[in-house]
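# Working through the structure, step by step
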Amino acid sequence: MSLIPLPKFESLTPSPGVAFPRLRREVKRPVSLLGRMGDHAIFYVRALRSVPHAALHYRRETIRLIAETSMGAGNLALIGGTVIIVGFLTLATGSMLAIQGYSTLGDIGIEALTGFLSAFINVRIAAPVVVGIGLAATFGAGATAQLGAMRINEEIDALESLGINPVVYVVGTRIAAGMIVIAPLYAIALIASFAACQFTTVYLLGQSSGLYAHYFSTFLNPLDLVWSFVQAFVMALLILLIHTYFGFFASGGPAGVGVAVGDAVRTSLIAVVTVTLLVSLAIYGSNGNFNLSG
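Residues numbered from 1 in each chain as written. Predicted model: local features only at pLDDT ≥ 70, side-chain atom pairs only at ≥ 80, totals over all residues. Heavy atoms only, no water.

To continue, consider the pattern of salt bridges. Per the stated rule, a full pass over the model turns up five salt bridges. Its salt-bridge partner being E68, residue R64 comes within 2.9 Å of it at the nearest N-O pair. Placement of the pair is R64 and E68 together in helix 2 (residues 59-71), with a separation of four residues, close to one helical turn. Of the charged contacts, one joins R124 and D224 as a salt bridge, the two residues approaching to 2.9 Å between their closest N and O atoms. Residue R124 is located in helix 5 (residues 114-152), and its partner D224 is located in helix 9 (residues 222-248); the two are separated by 100 residues in the primary sequence. With relative accessibility at 5%, the residue R124 sits in the buried group. Overall, the relative accessible area of 7% leaves D224 in the buried class. One network of salt bridges, with partners in common, ties together E61, R64 and E68. (Salt bridge = Lys/Arg side-chain N within 4 Å of Asp/Glu carboxyl O. Helix = DSSP H or I, 4+ residues; strand = E, 2+ residues; numbered from the N terminus. Buried < 20%, exposed > 50% of the residue type's maximum accessible area, 1.4 Å probe, protein only.)

Pasting the structure below:
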């Protein structure tokens, strides 16, 4: 007579290896955060060191990326180039600044200072932030998607098997191209924001062109323009480093590439506003370095 085996009931007490799992996760969280920060720092140093070598030995790839960064590639050149996107963004920002500034200043009878707002806010805040957002949404997101696709298709591993340093070829060339493009791109953005603000104030709102030009030229500080360009360069460099990092180490197939793009865009947007805040505190201080009187 065979005996029917009775079901075995597992012990209700947790094994010593998995005791307090939530506490263990909370303890490991700062350690993993420091580890990720170290990975970012190591990659950024390697990427920055690779830029001169990439610009010197991979000139054709760098030139191709300059064209792709500025005007887009293929059909996207009509609507998706970084220059076009940033131009539209700054035009809209300048027009909105003129409308809101003219209306708000008009409530207290000093709408003549709309030119001052254009020279002050466009240079110090509006144009740098808009250009940073445009770079993150266009060239940055595109670089993350491209590098992520290369990673999951094992193209980066293929470069290593051919004896080519992938950091130099796919990261250094993109950083070099982005830093070359940012100077004319930011100049176009500033001109577009100035032109949009002046057109809206003078031709749509009816202010005298001489009055607008007087206050605009009076409060446009050339030193502020220099610091604005420095701010744009720093933001562009951070955006390129962040997006190339997330793309270079993407994993998990096509879905992982999408996750990497989202993480990179969020991180770069935080970097943009952080750089703007730090530059404003360090360069302009609490008084704004100007005196409004008269």
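After that view, the rundown keeps rolling.
Once that is clear, we can look at empty space enclosed by the protein. The final tally for this structure, using the stated rule, is one cavity of 30 Å³ or more. If you add up the space inside the largest cavity, you get close to 70 Å³. What lines the largest cavity is simply T69, L135, F139, G140, G178, V181, I182, L185, A236, I239 and L240. When residues of the lining of the largest cavity are traced back to their parent elements, those giving at least two are helix 5, helix 7 (166-204) and helix 9. The greatest single-element share of the lining of the largest cavity, amounting to four residues, is contributed by helix 7. Residue composition of the lining of the largest cavity, by class: eight nonpolar, three polar and no charged. (1 Å grid on protein atoms, 1.4 Å probe; cavity = no way out; pocket = protein on both sides within 12 Å on 5 of 7 lines; lining within 4 Å. Points joined across faces, edges and corners; volume = space filled by probe spheres on them. Nonpolar A, V, L, I, M, F, W, Y, C, P; charged D, E, K, R; others polar.)

This next bit is on the environment of V167. For V167, the location among the structural elements is in helix 7. Taking the relative accessible area as the measure of exposure, V167 reaches 2% and is therefore buried. As a C-alpha pair, V167 and V51 span 116 residues in sequence and 9.3 Å in three-dimensional space. With near-sequence residues (within four places) excluded, V167 lies in contact with R46, A47, S50, G172 and F248. (Contact = heavy atoms within 4.5 Å.)

Note that every value here comes from positions in space, so none of it alone points to a role or purpose.
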